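For reference, the chains in residue letters:
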Amino acid sequence: GESVGLHLPTLSVQEGDNSIINCAYSNSASDYFIWYKQESGKGPQFIIDIRSNMDKRQGQRVTVLLNKTVKHLSLQIAATQPGDSAVYFCAENLFSTGTASKLTFGTGTRLQVTL
Amino acid sequence: GAGVSQSPRYKVAKRGQDVALRCDPISGHVSLFWYQQALGQGPEFLTYFQNEAQLDKSGLPSDRFFAERPEGSVSTLKIQRTQQEDSAVYLCASSLGIDSSYEQYFGPGTRLTVT
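The shown structure was predicted, so the numbers you read here are calculated from the model rather than taken from an experiment.

Enquirer: I'd love a proper account of the environment of A:Gln112, names of residues and values included.
Expert: All names here are of chain A. Looking at the secondary structure, you find glutamine 112 in strand S10 (residues 109-114). Glutamine 112 sits in the partly exposed class, given a relative accessible area of 38%. C-alpha of glutamine 112 to C-alpha of alanine 86: the two residues are 26 residues apart in sequence and 7.0 Å apart in space. Not counting chain neighbours up to four residues away, the residues in contact with glutamine 112 comprise Thr10, Leu11, Ser12, Val13 and Ser85.

This is the structure we're talking about:
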C-alpha cells in the first residue's frame, strides 16, 4: 500500500523502550480527544480516548494525558513493539453537543521502532 | 465481522474527468463521514450523513464535490472535473449512533491520483 506520512515528524525508539508522542490541539471548546494509529495503506484505527473532565486515562500499554491549560495531549506507549510502528494522530471532537460531529485531526507523528 | 469497505482502492483519473468513490459502512451504522487525506497530512472532514440525511457538508472544498447516501447505507462521493489538487486518499468512516460517544470506524481509503 501507499506510504502515509512521508513528511511527518518522526520519533525513533528502540524495541522495549517507552514512547511519548505529543500533540497540540487548536480548539479550546473541544471536549473529547482521541488517538488514532494509521498503518501504511490502512485507515486510522482507534487507540484510546479521553474526555475533557479527565487529565489521564490508561489502556492496555497506552496512556493518554490531557493538559487543557496549554491545549496539549500526549500518548505514552509502554514497552514499544515493532508492531507499534505507524503514524499516530490525535483528533479533537465535540462531545457535549449530543450529536455526531467531525473529527479534527492533528498533523501526526511517525513512530519507528528499531530492533 | 466485516468492517468499512471502500472501492476502488486506487483510482487514476485524467484532469477534467469525473470520478465516483464508493463506501460500504458497517451494517446498521447510522452515521457516515467522508474525510480527505493529503500526503503527509491528517484526514480533513468533508461531509457527514445521519442515515440518508446530509447534515453537514461544510468541508466539501468546492461545488465539484458531491456526496449522497440515498438509502441510508452505501454512500458515494463524486468529484466532477477533477483537478490535480484533488489527488489524495479519501477515507470513509461509520459509527453506530448519532452522537460523538460512538467510535468512528474507518475504511482503508481510496487513493485518487489526478494526472
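Enquirer: Requested: an account of unusual backbone geometry, with residues and values cited.
Expert: Here B:Ser7 and B:Pro8 are connected by a cis peptide whose omega angle stands at -10 degrees. Of note in this structure, B:Arg81 is not a glycine but carries a positive phi near 50 degrees.

Enquirer: Give me the packing of aromatic side chains: which residues, what numbers.
Expert: In the structure shown here, the tally under the stated rule is 12 aromatic pairs over all chains. Centroid distance A:Tyr25 to A:Phe33: 4.4 Å. Interplanar angle 50 degrees. Geometry classified as tilted. Between the aromatic rings of A:Phe105 and B:Tyr35, the centroid separation amounts to 5.9 Å while the plane-to-plane angle is 90 degrees, which identifies the pairing as edge-to-face. Highlighted residues: A:Phe105 in strand S9 (residues 104-105) and B:Tyr35 in strand S4 (residues 31-37), drawn from two different chains. Of the two residues examined, A:Phe105 and B:Tyr35, each falls in the buried class.

Enquirer: Before we move on, could you go through the interface of chain B and chain A and cite the residues and values that matter?
Expert: Across the boundary between the two partners, chain B contributes 26 residues, which contact 28 residues of chain A. Interface area for chain B against chain A, summed over the two sides, is near 2000 Å², with a carbon-plus-sulfur share of 57%. At the junction of chain B and chain A, the tally comes to 5 residue pairs in polar contact (both at pLDDT 80 or more). Every element with two or more residues in the side of chain B that touches chain A is listed here: S4, strand S5 (44-50) and strand S9 (88-95) of chain B. Sorting elements by how many residues they give to the side of chain B that touches chain A places S4(B) first, with 4 residues. Here the residues of the side of chain B that touches chain A are counted per class, giving 12 nonpolar, 10 polar and 4 charged.

Enquirer: I'd like to hear about the pattern of salt bridges, residue by residue, with values.
Expert: All names here are of chain A. On inspection of all chains with the given rule, the structure shows 6 salt bridges over all chains. With a closest N to O distance of 2.2 Å, aspartate 49 and arginine 57 form a salt bridge. Accessibility expressed as a relative area gives 35% for arginine 57, which makes it partly exposed.

Enquirer: Outline the sheet that holds strand S5 (residues 56-58) of chain A, listing residues and values.
Expert: Residue and element names in this part refer to chain A. Pairing within the open sheet is antiparallel, and its 4 strands lie in the order S2-S7-S6-S5. In this open sheet, the two strands that pair with only one neighbour each are strand S2 (19-24) and S5. Recorded for the sheet is a direction-independent mean angle of 15 degrees between the axes of neighbouring strands. Looking at chain direction, S2 and strand S7 (residues 72-77) are connected through 6 bridges and run antiparallel. Bridging across to S7, asparagine 22 finds its partner in serine 74.

Thresholds, definitions, all that
Residues numbered from 1 in each chain as written. Chains lettered and ligands numbered in written order. Predicted model: local features only at pLDDT ≥ 70, side-chain atom pairs only at ≥ 80, totals over all residues. Heavy atoms only, no water. Helix = DSSP H or I, 4+ residues; strand = E, 2+ residues; numbered from the N terminus. Buried < 20%, exposed > 50% of the residue type's maximum accessible area, 1.4 Å probe, protein only. Contact = heavy atoms within 4.5 Å. Phe/Tyr/Trp six-rings, centres within 6.5 Å; stacked < 30°, edge-to-face > 60°. Buried area = accessible area lost by both parts, 1.4 Å probe. Polar contact = N/O pair within 3.5 Å; in protein donor to acceptor, adjacent residues only side chain to side chain. Nonpolar A, V, L, I, M, F, W, Y, C, P; charged D, E, K, R; others polar. Salt bridge = Lys/Arg side-chain N within 4 Å of Asp/Glu carboxyl O. Pairing = 2+ DSSP bridges. Axes fitted to C-alpha atoms, helices over the stretch in contact; angles between N-to-C directions.

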